[in-house]
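A look at the structure
Below are the chains, spelled out letter by letter.
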Amino acid sequence: MFKKGLRIVMAAVAVAPLLTGAAWAAGQMTVIVNDPSNPYWLTEGNIAKATAEKLGYTATVSAHKGDTNTESNLIDTAITNKSVAIILDPANADGSIGAVKKAIAAGIPVFLVNAEINQEGLAKAQLVSNNAQGAAIGAQQWVEAVGDKGNYAELFGSPSDNNAATRSNGYETVLTQYPDLKKVAQEVANWDRTQGHNKMQSILQAHPDIIGVISGNDEMALGAIAALKEAGKLANIKVGGFDGSPDAVAAIKAGELQYTVLQPVAVFSAEAVKQADSFIKTGKTGAASEKQLFDCILITKDNVDKYTAPFVLSE
């Protein structure tokens, strides 16, 4: 009897670590962002990883930097590592479809954040900022800053990202209501601060009389501000941004940037992971639809002090 009882106790001790391990290691989630040198994508990856780990998963964060070949290779790695879900900020609205299909063929559910792909029914969810709404409130604030008469320029994001066109179209919808505002230049600066700086220099040479610059994101806006400061023209040319980055908030406090439109990346990055967790456990995301929009929030000098963490505005 003693030996039988001993075997039972030993078996229980042997099983206990396995049960404990299952509780904290629910599998690996792979998080793939664009470029963490941009604080927006850095926050996106950090929040997704932290949320996954809080829910009991291991998590890795990698970056494709807008390159679809790199993205495809990272998906291959996720498949090899037997990831239970992939949280992906797609590199290209069309070019990322193949990578998503490859993950799905391997039995790994994909949850897209920040940017969409041009095909529904593949990803389990596509969670993005309401860019049209954000562009509308940003453009209206921009008019309040620069006035309703004069020439202006626009800095456009990456053409391969649907968000760039959505924001630009949102700006256009509002600004064309003011017939005395004339857009004399639109330059692609690919979401990048250095390109924003260089394109702003070119715009100033061709159109020295502009009264404002409306930008598709904060990085391009901050590049434009640097160029305007160098040219001694920042006092007369107003700049508006989009993202809600820490550097943009600092520029608002310094009186150099008129506003930024906060994308709730901290919210939807966490929500994507929670929906992945739900899908893994129940086969459902818990959301009403695949495409989900999260409203943006305007940040100006009036509420900038409520900015409590990267891309977070307290109530």
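Report on the accompanying structure. This structure is a prediction, so every number in the text was calculated from the model and none was measured.

The rules behind each value
- Residues numbered from 1 in each chain as written.
- Predicted model: local features only at pLDDT ≥ 70, side-chain atom pairs only at ≥ 80, totals over all residues.
- Heavy atoms only, no water.
- Helix = DSSP H or I, 4+ residues; strand = E, 2+ residues; numbered from the N terminus.
- Buried < 20%, exposed > 50% of the residue type's maximum accessible area, 1.4 Å probe, protein only.
- Contact = heavy atoms within 4.5 Å.
- Pairing = 2+ DSSP bridges.
- Axes fitted to C-alpha atoms, helices over the stretch in contact; angles between N-to-C directions.
- Parallel < 35°, antiparallel > 145°, perpendicular 65-115°, else oblique.
- Left-handed = near helix turned anticlockwise from the far one by under 90°.
- Nonpolar A, V, L, I, M, F, W, Y, C, P; charged D, E, K, R; others polar.
- Right-handed = clockwise from strand over helix to strand, strands pointing away.
- Expected span 1.5 Å × (residues − 1).
- Arc of directions from axis to C-beta.

**Considering the overall build of the chain**
Looking only at helices and strands, the chain features ten helices and 14 strands. Overall, the C-alpha framework of the chain stretches about 95 × 40 × 35 Å when taken along its three principal axes. Counting the 315 residues in the chain, one finds 48% classified as buried. Restricting the contact set of the chain to residue pairs at least 6 apart, pairs at least 24 apart contribute 74%.

**Quick look at the sheet that holds strand 7 (residues 181–188)**
Spatial ordering of the open sheet is given by 7-6-8-9, a layout of four strands whose pairing is parallel. Strands at the two margins of the open sheet, each flanked by one partner only, are strand 7 and strand 9 (238–240). On average, each strand axis in the sheet is inclined to that of its neighbour by 20°, with strand direction left out of account. In this sheet, strand 7 lies alongside strand 6 (residues 150–156) in parallel orientation, the contact comprising seven bridges. Each bridged residue has a counterpart across the sheet, and for leucine 155 the counterpart in strand 7 is glutamate 187.

**What to know about the packing of helix 5 (residues 131–146) against helix 6 (residues 162–175)**
Interaxial distance between helix 5 and helix 6 falls to 8 Å at its minimum, and their mutual angle equals 45°. Here helix 6 runs oblique to helix 5, going by the angle between their axes. Two packed elements cross with a definite hand, and for helix 5 against helix 6 that hand is right-handed. Every residue of helix 6 that contacts helix 5 at Asn131, Ala132, Ala135, Ala136, Ala139, Gln140, Trp142 and Val143 is listed here: Asn163, Thr166, Arg167, Gly170, Tyr171, Val174 and Leu175. Residue composition of the contact of helix 5 with helix 6, grouped by class: nine nonpolar, five polar and one charged.

**Side note on unusual backbone geometry**
Positive phi outside glycine occurs at lysine 82, with the angle close to 55°. As for its placement among the helices and strands, lysine 82 is situated in the loop between helix 3 (68–80) and strand 3 (85–88). The phi angle at asparagine 190 is positive, at roughly 55°, despite the residue not being glycine. Looking at where asparagine 190 falls in the secondary structure, it is placed in the loop between strand 7 and helix 7 (193–206). With a relative accessible area of 34%, asparagine 190 lands in the partly exposed category.

**Some points on the pairing of strand 6**
Most of strand 6 is tucked away, with six of its seven residues classed as buried. With helix 6 bridging strand 6 and its parallel neighbour strand 7, the resulting β-α-β unit is right-handed. Relative to strand 8 (residues 212–215), strand 6 is paired through four bridges, and the arrangement is parallel. Bridge pairing in strand 8 links glutamate 154 to isoleucine 214.

**Re helix 3**
Because an α-helix completes one turn every 3.6 residues, residues spaced three or four positions apart along the sequence face the same direction. For helix 3, which comprises 13 residues, the first-to-last C-alpha distance of 18 Å matches the rise-based estimate of 18 Å (1.5 Å per residue) to within 8%. Along helix 3, the residues that are buried comprise Glu71, Leu74, Ile75 and Ala78. Viewed end-on, helix 3 has its buried residues packed into an arc of 105°, placing them on one side of the element. Away from its buried face, by an angle of more than 90 degrees, helix 3 presents the exposed residues Asn69 and Thr80.

**Concerning the side chain of asparagine 163**
Examined against the element boundaries, asparagine 163 turns out to sit in helix 6. In contact with asparagine 163, other than residues within four places in its own chain, are Asn114, Ala115, Asn131 and Trp191.

**Things to note about the environment of leucine 175**
With respect to the helices and strands, leucine 175 occurs in helix 6. Take leucine 175: its relative accessible area is 2%, and that puts it in the buried class. In the structure, leucine 175 is positioned 46 residues away from alanine 221 in sequence and 18 Å away in space, judged by C-alpha atoms. Once residues lying within four places of it in the same chain are set aside, the contact partners of leucine 175 are Ala139, Trp142, Val143, Tyr152, Leu181 and Ile214.

**Quick notes on the sheet that holds strand 4 (residues 110–113)**
Read from one edge to the other, the open sheet built from six strands follows the order 2-1-3-4-5-11, with strand pairing classed as parallel. Edge positions in the sheet fall to strand 2 (58–63) and strand 11 (291–294), since each of these pairs with one other strand and no more. Going across the sheet, the axis of each strand differs from the next one's by a mean of 15°, ignoring polarity. Against the sheet, helix 2 (residues 39–54) makes contact with strand 1 (28–33), strand 2, strand 4 and strand 5 (125–129), and its axis sits at roughly 170° relative to strand 1, the strand it touches most.

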